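Topology and contacts: notes
What follows is the residue order along each chain.
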Amino acid sequence: MKLSGAEILLRALELEGVEKIFGYPGGAVLDIYDRLPFTPLKHYLTRHEQGAAHAADGYARVTGKVGVCFATSGPGATNLVTGLATAQIDSVPVVAFTGNVPTFMIGNDAFQEVDTVGITRPITKHNFLVKDVKDLADTVKKAFHIARTGRPGVVLVDLPKDVTRELTDFFEEEYKTPVQIRSYKPVLKGHPGQIKRAAKAIASAERPILYIGGGVVSSGASDLVVKMAEVANIPMAATLMGLTAVPGNHPFFLGMLGMHGTYAANMAIQESDLIIAIGARFDDRVTGKLSEFAPNAKVIHIDIDSAEIGKNRHADIPIVGDAKLVMEELLPEVEKQVAKNREFYAAREKWILKVRSWKERYPLWYEPSDRVIKPQFVIEKIWEVTKGEAIITTDVGQHQMWVAQYYKFRFPRQLVTSGGLGTMGFGVPAAIGAKVGRPDKTVFCISGDGSFQMNMQEIVTAVHYNIPIKVAIINNGFLGMVRQWQGIFYQKNYSQVHLDVQPDFVKLVEAMGGVGLRATKPAEVEAVLKEAMAIDDRPVVIDFIVDREEDVFPMVPPGGALHEMILPNYGKKKEKKAV
Amino acid sequence: MDRKCDHRKHIISVLVENQPGALARIIELFSSRGYNIESLNVGHTEDPTISRITMVAKGDEHTIEQIVKQLRRIIDVFKVRDLTDKKKLDRELLIVRINVETPEKKEEVMRLVEIFGAQVVDVSKDTYTVELTGDEEQVDAFLELIKPMGIREMARTGRVAMVRALHGETFGEQKE
Ligand SMILES: Cc1ncc(C[n+]2csc(CCOP(=O)(O)OP(=O)(O)O)c2C)c(N)n1
Ligand SMILES: [Mg+2]
């Protein structure tokens, strides 16, 4: 039977196991949207294509499945760009479909024509322009395969309008056969010799540390990594992307490392003699001044992307492979080595004690107040009210760092945040995608007053589909993170960071059909959160009016080494908050 | 990072799907990551669906290693190999139009053409156009010698290369 390109696309999506699509229609995708209602696919009409891309991304991050978004040609496609770049840099599997002008008009500067594959080439793992309907099914199949295998990423498929209209044969059985891409064969299994060497190094190191990245979460290696830490007595530090790999209260867990990392995590890295980096990429926000990063450490680097190994820091023992598959081999080797060499415990005991003392002497800390709401306090309260079980999405800024520091995560994929690109406006649409993917979970977006205004139109989407996300606006009346930098490094010359003119967020959200709440005093915080938790048919936004000039500490100044942290002012401390 | 400071020319050979997007990705890789390409040459192989790209890039060992790894990440790329230290055949084609207004100059050019095994392929009243195939050093040396006579116009292809068929070795190394 002959099907149109549009029908083939939609049928192929079903065969890929797609259930939810986030998108926005337009002229070039009319044929696809014409057929969409006749499929079991559930489409969410976001209010901006950027929202569609972030929602697909959020959906993918919490489910581990491929997120899918649709947009029309020209402005539809360009509106996707920020969202796709955000997903790609954090290695999230997303497949985007864009319409384009008919093949015979391509290159003519036709109405709503842009070179979508050209624009998106640097921000995708791969992209395709389908020029013949006969190639469509095979291309969709390849797109999903590329997005979800190897180092996951974004694939864009550009579909000229005539390709979606024309008819051709579609053979379902053929579609179900395995994909063949002759030039693409990711290495998944680690080299056995390297794994043995790594196990020996781990068993003989005196001051080892695990440096856990997002690859641990996305490959499903979290339990294995934590087990290895326990078996071999290794303290653990995580990146922003890797935070949910380790239960937040694990005794060996030091929290986040890097620019706003904990004192203990950063010191442990600096003084280690062996770094076991897994699914992490030695990003500059993590290493600080690279030449002074962990000067005495040997490095075991496990990553699925060989280009990440040795890119920023030399790896003494490189292992290319999927974190989970490598850990399945490495853990038993480490167990063997540890059993052989009992003495190492004694040596390592000193290290563990030292790391603990850092943790106890220099915990995360803020000065509590019963007069103004402290932003960190809001996050602690959200943790309490959600029992640490909510999926948290964030925007970008100070609030994001406080989430990383103060929300103690319990399970993998619980944090959805734009790590690599740092995209303000990510939080709300990502929360929509997350809630669609995990309707069983409370989804809390912790946003800033600046960031919220970048995609607040998506509250309407949540209202439209009764998606009961919760949003906490940490409202400091500032582009807080930029203000903090201007405060510390530019002599408090606050330039263009005041957000004194602001909508009344409560009224605004009410006007969009959601519930708006507000807290202005510490005593109100818990009650308002409980009120929000009781609402389950609409989005709720809580405007928390917080201390305006609170800073995020510790902070490694730009260009500084990790141990050169600016610490909170413990001198004035009335009450010590333990990590 | 202990980056060795010798900036050598490396000759990198890439086998890639013969598709427009593939070449675009390779070129964009160089601009987006700030690598320098000296020359780049594309043509198809014995299999018309596969192209061979030969490029010359300058950089320290670390940069070149990164270039090779980044090239391997490209979905359409089959194989990447740094041929710099391999036994290889390495050729470049030069076409150059030289001023020869005087009989002495004509004679000198003909002499050089003979020594270098080049060929005069076009002649006008006061110019000779010469074609030369050779490795980079030969081409450079030839140009150096004819420069004083005055070069009107020239075109170089950039290098193409292939590993020598020693021990049955051909292209070698699989994409990782
Ligand atoms: C799209 C985008 N534009 C600009 C920035 C630069 N930036 C980083 S943090 C920040 C301030 C964010 O303000 P807000 O959302 O209120 O969060 P706060 O830091 O106050 O918690 C800005 C402007 C960015 N990360 N993303
Ligand atoms: Mg703010």
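Residues numbered from 1 in each chain as written. Chains lettered and ligands numbered in written order. Predicted model: local features only at pLDDT ≥ 70, side-chain atom pairs only at ≥ 80, totals over all residues. Heavy atoms only, no water.

Topic: the overall build of chain A
Selection rule: Here a helix means four or more residues in a row that DSSP labels H or I, a strand means two or more in a row labelled E, and each is numbered from the N terminus. With C-alpha atoms as the basis for the radius of gyration, the globule rule is written as 2.2 Å multiplied by the number of residues raised to the power 0.38. Two residues qualify as a contact provided that any one of their heavy atoms is within 4.5 Å of a heavy atom in the partner residue. Using the Shrake-Rupley algorithm and a 1.4 Å probe, accessible areas are obtained, with residue cover drawn only from the displayed protein chains. His residues and chain termini do not enter the charge count, which takes Lys and Arg as positive and Asp and Glu as negative. In plain terms, the charge of a residue is placed at NZ if it is Lys, CZ if Arg, CG if Asp and CD if Glu.
Scanning chain A from terminus to terminus reveals 23 helices and 20 strands. In terms of overall dimensions, chain A is globule-like: its C-alpha atoms have a radius of gyration of 24 Å, near the 25 Å expected for 579 residues. Counting only C-alpha atoms, chain A reaches 70 × 60 × 40 Å along its principal axes. Contacts in chain A between residues at least 24 apart in sequence constitute 75% of all its contacts with a sequence separation of at least 6. Roughly 21,900 Å² of accessible area belongs to chain A as shown, and the carbon and sulfur atoms make up 52% of that amount. Side chains of chain A carry 67 positive and 66 negative charges; the gap between the two charge centres is 5 Å.

Thoughts on the coordination of the magnesium ion (ligand 2)
Residues and elements named next belong to chain A. Convention followed: Here the term donor refers to an N, O or S atom within 2.8 Å of the metal (or 3.2 Å for Na, K and Ca), and because water is left out of the atoms, sites may appear incomplete.
Coordination of the magnesium ion (ligand 2) by the protein is provided by Asp449 (OD), Asn476 (OD1) and Phe478 (O), with metal-donor distances spanning 2.1 to 2.2 Å. Positions of the donor residues of the magnesium ion (ligand 2) along the chain correspond to the pattern D-x26-N-x1-F. With aspartate 449 in helix 19 (residues 449-452) and asparagine 476 in the loop between strand 18 (470-475) and helix 21 (480-489), this residue pair connects regions lying 27 residues apart in the sequence.

So, the sheet that holds strand 15 (residues 391-394) of chain A
Residue and element names in this part refer to chain A. What counts is decided by this rule: Here, any two strands with at least 2 DSSP bridges between them count as paired.
What the six strands build is an open sheet, ordered 16-15-17-18-20-19; its pairing is parallel. Only two strands of the sheet have a single partner each, and these edge strands are strand 16 (415-416) and strand 19 (515-519). Here five bridges tie strand 19 to strand 20 (residues 540-545), and the two strands are oriented parallel to one another. The residue bridging leucine 517 from the neighbouring strand is isoleucine 542, located in strand 20.

Details of the domain arrangement of chain B
Residues and elements named next belong to chain B. Rule in force here: As used throughout, domain bounds are those supplied by an automatic or database domain assignment. A pairing counts as a salt bridge when a side-chain nitrogen of Lys or Arg comes within 4 Å of a carboxyl oxygen of Asp or Glu. What qualifies as a polar contact is a pair of N or O atoms within 3.5 Å, subject to a donor-acceptor requirement within protein and to the restriction that residues adjacent in sequence count only when both atoms come from side chains. Classes in brief: Ala, Val, Leu, Ile, Met, Phe, Trp, Tyr, Cys and Pro nonpolar; Asp, Glu, Lys and Arg charged; the others, Gly included, polar.
In terms of domains, chain B is made up of domain 1 (8-82) and domain 2 (90-160). Relative placement of domain 1 and domain 2: their C-alpha centres are 29 Å apart. Each partner contributes to the interface: domain 1 provides seven residues, whereas domain 2 provides six residues. Of the charged contacts in the structure, one is a salt bridge between lysine 9 and glutamate 136, with a shortest N-O distance of 3.0 Å. Counting across the domain 1 and domain 2 interface gives two residue pairs in polar contact (both at pLDDT 80 or more). When residues of the side of domain 1 that touches domain 2 are traced back to their parent elements, those giving at least two are strand 1 (8-17), strand 2 (37-44) and strand 3 (50-59). Among the elements that make up the side of domain 1 that touches domain 2, the one with the highest residue count is strand 2 (three residues). Here the residues of the side of domain 1 that touches domain 2 are counted per class, giving three nonpolar, three polar and one charged.

Section: the nonpolar core
All names here are of chain A. Stated precisely, the cut-off is as follows: Nine residue types can take part in a nonpolar core, namely buried Ala, Val, Leu, Ile, Met, Phe, Trp, Tyr and Cys, and a core is a set of them joined through side-chain atoms within 4.5 Å. Buried, partly exposed and exposed residues are distinguished by accessible area as a fraction of the type maximum, computed with a 1.4 Å probe on protein chains only: under 20%, between the cut-offs, and over 50%, respectively.
Within the largest apolar cluster, 77 residues are counted, with the highest numbers of intra-cluster contacts made by Ile202, Leu210, Ile300, Leu330 and Phe544. Considering every element that reaches this core, the biggest residue donor is helix 14 (residues 323-340), with seven residues. Residue assignment places this core across two domains, with domain 2 (192-361) and domain 3 (375-552) each supplying three or more. Non-local contacts of leucine 330, meaning those with residues more than four positions away in its chain, are made with Ile195, Ala198, Ala199, Ile202, Met228 and Ile302. Counting 47 residues, the second largest nonpolar core, distinct from the first, contains Leu84, Phe411, Ala431 and Tyr465.

Description of the domain arrangement of chain A
Residues and elements named next belong to chain A. Heads up, the condition is: Once two parts are joined, some of their accessible surface, as seen by a 1.4 Å probe, is lost; buried area is that loss totalled over both.
Parsing chain A into structural domains produces domain 1 (2-175), domain 2 (192-361) and domain 3 (375-552). When each unit is reduced to the centre of its C-alpha atoms, the spacing between domain 1 and domain 3 is 30 Å. The partner domain 3 presents 27 residues to the 26 residues of domain 1 that form the contact. The junction of domain 1 with domain 3 conceals about 2,000 Å² of combined surface from both sides, 66% of it contributed by carbon and sulfur atoms.

Examining the packing of helix 3 (residues 103-116) of chain B against helix 4 (residues 136-146) of chain B
All names here are of chain B. Formally: Fitted lines through C-alpha atoms serve as axes, helices being fitted only where they are in contact, and the angles separating the N-to-C directions of these axes extend from 0 to 180 degrees. Convention used here: angles under 35 degrees read as roughly parallel, angles over 145 as roughly antiparallel, angles from 65 to 115 as roughly perpendicular, and any remaining angle as oblique.
Their axes nearest at 11 Å, the elements helix 3 and helix 4 cross at an angle of 170°. The angle between the axes of helix 3 and helix 4 places the two elements in the roughly antiparallel class. Between helix 3, through Leu112, Val113 and Phe116, and helix 4, the contact on the second element is made entirely by Gln138, Ala141, Phe142, Leu145 and Ile146. Its residues assigned to classes, the contact of helix 3 with helix 4 comprises seven nonpolar, one polar and no charged.

Focus: the side chain of Arg348(A)
Residue and element names in this part refer to chain A. Tracing the sequence through the fold places arginine 348 in helix 15 (residues 344-361). The side chain of arginine 348 sits in the buried core without any salt bridge; aspartate 273 is the nearest counter-charge, 6.9 Å away. Within the structure, the side chain of arginine 348 is placed 2.4 Å from the backbone oxygen of alanine 232, a separation counted as a polar contact. When near neighbours in sequence (up to four residues on either side) are disregarded, arginine 348 contacts Ile202, Ala203, Ser204, Ala205, Glu206, Pro208, Ala232, Asn233 and Ile234.

A closer look at unusual backbone geometry
Residue and element names in this part refer to chain A. A cis amide bond links phenylalanine 553 with the next residue in sequence, proline 554, at an omega value of -5°. In this model, serine 91 sits at a positive phi of 55°, which is unusual for a non-glycine residue. Positionally, serine 91 belongs in the loop between helix 4 (75-89) and strand 5 (94-100). Given a relative accessible area of 16%, serine 91 falls into the buried group. The residue glutamine 491 is not glycine, and still its phi comes out positive at about 50°. Within the secondary structure, glutamine 491 is located in the loop between helix 21 and helix 22 (505-512).

Here's the deal with the pattern of salt bridges
With the rule as written, the count across this model stands at 54 salt bridges over all chains. Between Arg61(A) and Asp90(A) there is a salt bridge; the shortest N-O distance is 3.1 Å. Taken together, the residues span a long stretch of sequence, with Arg61(A) in helix 3 (residues 49-63) and Asp90(A) in the loop between helix 4 and strand 5 at a distance of 29 residues. Each member of the pair, Arg61(A) as well as Asp90(A), is classed as buried. Put simply, Asp122(B) and Arg97(B) hold a salt bridge, and the shortest N to O gap is 3.9 Å. Placement of Asp122(B) in strand 6 (residues 119-123) and of Arg97(B) in strand 5 (residues 88-99) is noted, with a sequence separation of 25 residues between them. Relative accessible area serves as the criterion here: at 39%, Asp122(B) is assigned to the partly exposed category. What you see here is one network of salt bridges that share partners, running through Arg151(A), Asp305(A), Glu308(A), Lys311(A) and Arg73(B).

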